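Here are the chains, one letter per residue:
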Amino acid sequence: MDIEIFPYRIISADTTEKLLNGIESLDDVRRTVIHGPRLPPDDPDLDPKYKDKREITVKGKPIELKIRVGRIFVDLTSESAIKEVEKICDEVLPFGYDINTSRSEYIRKHKTVSDAIKYGVEDNNLPDELIGMTDQTRQLAENLDYIDYDEVE
Amino acid sequence: MAQYYPGTSKVSKNRIHFADPDQELEKLREISDEDIVKILGHRAPGEEYKSVHPPLDEMDEPEDIVREIVTPIDGAKAGDRVRYIQFADSMYFAPAQPYVRARSYMNRYRGIDTGTLSGRQVIEVRERDLEKLSKELLETEFFDPARTGIRGKSVHGHSLRLDEDGIMFDMLRRQLMNKETGHVEMVKDQIGIPLDEPIDLGEPLDEEKLKDITTIYRVDGDAYKDDKDAVEVLHKIHVTRSQGGYCPE
């Protein structure tokens, strides 16, 4: 099942890092999508003290954070994991949040015509676990990060 | 006695506080005259005011009783251009909001033209008067560095969720939080042209203070429906306006 975490504020890179590390540490989490407005391209003239854009580390893997996180969609294998997600959110999001479960899916699970055109229908087919993981208009590799749990300590 | 706003809640009292020109606004921060000129971006600091007509004293004006009664403001006397400052107020407990601004501007300042839009309020006045009133607007309770944006253009953001540090969304990123000092600094002027040096706007007001001085009714603050007097007056206006509009003979 999918849930949507909706923080009452747009969260910073530091909080995103903490939240993602917390969520990814749960066994019942299959996939996570972060969603929000894009951060502006790196401006070399801007003083570092104002900068938001930075690389975050999730489970030891460096990930370039390209957006300001406004929503987090999480694919869970069991409903009981929501309580654990709530516990993490209480700790990391002191300004408040909602966990929405009303939709049957927040991460798209069926293939679309665009998927077929982009990734092919047979040989180069898109694996099921990657459906809905990225923006239709962008390259998959640009927006998707794998965490290999065999290597995570 | 003038009645500025109905109601008994704290929000309605705050609305009266802004709209009543006899009530003095609390000064919360200090911004120099030169910084105000830089934020406005209409002229370089130290530059002469450009004029659109000769000073009124040198002009041959037609005989007119109104011209004799009304004392011109300084900018009009000197023939300055009409310039503007525009604010966007977040709906998350910003101190002021567009309609309150309009009422207050009309009551407090002479020789101005102001326009209300959904998320922003522009005020137009002769340049040297604009600088004086901008200083007042920026230094007093009208302004909070995080929840109020000085935005000549690209004003979008008043209804969006705030950033984690409390700053309102701004597409052009004019007001930014300095992580080292905790102060909000203006790195671009009001229309988004980068400034040579950032201007310190001071520390954002804390949540309690904002809830104390806000003029916005919200269910998680003071709800409008709980302010019986204000609702009654609104209802009365609505009914009389509808009946008057139907023009019953």
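From a predicted model like this one, the values you see are computed outputs, not experimental measurements. (Residues numbered from 1 in each chain as written. Chains lettered and ligands numbered in written order. Predicted model: local features only at pLDDT ≥ 70, side-chain atom pairs only at ≥ 80, totals over all residues. Heavy atoms only, no water.)

Draft legend 1. Local environment of the overall build of chain B. Looking only at helices and strands, one finds eight helices and seven strands in chain B. Principal-axis analysis of the C-alpha atoms gives chain B an extent of 60 × 55 × 30 Å. Looking at the 249 residues of chain B, the share that counts as buried comes to 47%. Accessible surface, chain B as shown: approximately 13,400 Å² in total, 52% of it carbon and sulfur. Distance between charge centres in chain B, computed from 36 positive and 51 negative side chains, equals 5 Å. (Helix = DSSP H or I, 4+ residues; strand = E, 2+ residues; numbered from the N terminus. Buried < 20%, exposed > 50% of the residue type's maximum accessible area, 1.4 Å probe, protein only. Areas by Shrake-Rupley, 256 points an atom, 1.4 Å probe, with all protein chains shown as cover. Lys, Arg positive; Asp, Glu negative; His and termini not counted. Charge placed at Lys NZ, Arg CZ, Asp CG, Glu CD.)

Draft legend 2. Expanded view of the environment of Glu185(B). Looking at the secondary structure, you find Glu185(B) in strand 6 (residues 184-188). Expressed as a C-alpha distance, the spacing of Glu185(B) and Glu34(B), which sit 151 residues apart in the sequence, is 15 Å. Dropping the residues within four chain positions of it, Glu185(B) is found in contact with Lys49(A), Tyr50(A), Arg174(B), Gln175(B), Leu176(B), Asn178(B), Pro198(B), Ile199(B), Asp200(B) and Leu201(B). At 3.0 Å, the side chain of Glu185(B) and the side chain of Asn178(B) are in polar contact. (Contact = heavy atoms within 4.5 Å. Polar contact = N/O pair within 3.5 Å; in protein donor to acceptor, adjacent residues only side chain to side chain.)

Draft legend 3. Examining the pattern of salt bridges more closely. Residues and elements named next belong to chain B. Enumeration according to the criterion identifies 29 salt bridges over all chains in this entry. One salt bridge in this structure joins Lys10 and Asp212, with 3.1 Å as the shortest N-O distance. Of this pair, Lys10 sits in helix 1 (residues 10-19) while Asp212 is found in helix 7 (residues 207-213), placing the two residues 202 residues apart along the sequence. You can call Asp212 partly exposed: its relative accessible area is 35%. The residue Lys38 makes a salt bridge to Glu34 at a minimum N-O spacing of 3.7 Å. Residue Lys38 and its partner Glu34 are located together in helix 2 (residues 33-40), separated by four residues, close to a single helical turn. Classification of Glu34 by relative accessible area gives partly exposed; the value is 45%. The network of salt bridges with shared partners includes Lys27, Glu30, Asp33, Lys135 and Glu139. (Salt bridge = Lys/Arg side-chain N within 4 Å of Asp/Glu carboxyl O.)

Draft legend 4. Representation of the layout of surface pockets in the model. All names here are of chain A. A volume near 1,200 Å³ is recorded for the largest pocket. Contributions of two or more residues to the lining of the largest pocket are made by helix 1 (13-24), strand 2 (29-35), strand 3 (55-58), strand 4 (61-64) and helix 4 (140-143). A class-by-class count of the residues in the lining of the largest pocket yields 19 nonpolar, seven polar and 13 charged. (1 Å grid on protein atoms, 1.4 Å probe; cavity = no way out; pocket = protein on both sides within 12 Å on 5 of 7 lines; lining within 4 Å. Points joined across faces, edges and corners; volume = space filled by probe spheres on them. Nonpolar A, V, L, I, M, F, W, Y, C, P; charged D, E, K, R; others polar.)

Draft legend 5. Quick peek at the packing of aromatic side chains. Residue and element names in this part refer to chain B. This structure, assessed with the given rule, holds six aromatic pairs over all chains. Members of the aromatic cluster, each reached through a chain of ring pairs, are Phe18, Tyr105, Tyr109 and Phe142. Positioned above the aromatic ring of Phe87, the side-chain terminus of Arg101 is 4.4 Å from the ring centre. (Phe/Tyr/Trp six-rings, centres within 6.5 Å; stacked < 30°, edge-to-face > 60°. Lys NZ or Arg CZ within 6 Å of the ring centre and 35° of its normal.)

Draft legend 6. Inspection of helix 6 (residues 127-139) of chain B at higher detail. Residue and element names in this part refer to chain B. Over its 13 residues, helix 6 runs 18 Å from end to end, which matches the ideal 18 Å to within 8%, given 1.5 Å per residue. Taken together, the buried positions of helix 6 are occupied by Glu127, Asp129, Leu130, Glu131, Leu133, Ser134, Leu137, Leu138 and Glu139. Looking at the buried residues of helix 6, the elements they touch are helix 2, helix 4 (74-78), strand 1 (82-89), helix 5 (98-108), strand 3 (120-126) and strand 4 (148-150). (Expected span 1.5 Å × (residues − 1).)

Draft legend 7. Geometry of the nonpolar core. Judged by nonpolar contacts, the single largest core of 32 residues is most densely connected at Phe87(B), Tyr105(B), Leu138(B), Ile150(B) and Leu201(B). Counting residues per element, the ones that place at least two in this core are helix 2, strand 1, helix 5, strand 3, helix 6, strand 6 and strand 7 (194-202) of chain B. In terms of residue count, the dominant contributor to this core is helix 6 of chain B (four residues). One finds Ala13(A), Leu20(A), Val58(A) and Val92(A) within the second-largest nonpolar core, a separate group that totals 28 residues. (Core = buried A, V, L, I, M, F, W, Y, C linked by side-chain atoms within 4.5 Å.)

Draft legend 8. Expanded view of a nonpolar patch on the surface. All names here are of chain B. A cluster of nonpolar side chains, namely Ile65, Val66, Ile69 and Val70, defines an oily patch on the protein surface of about 400 Å² accessible area. Relative to the helices and strands, Val70 resides in the loop between helix 3 (65-69) and helix 4. For Val70, a relative accessible area of 46% gives the class partly exposed. (Patch = residues over 30% accessible without salt bridge, like charges linked within 9 Å, V, L, I, M, F, W, Y side chains within 5 Å.)

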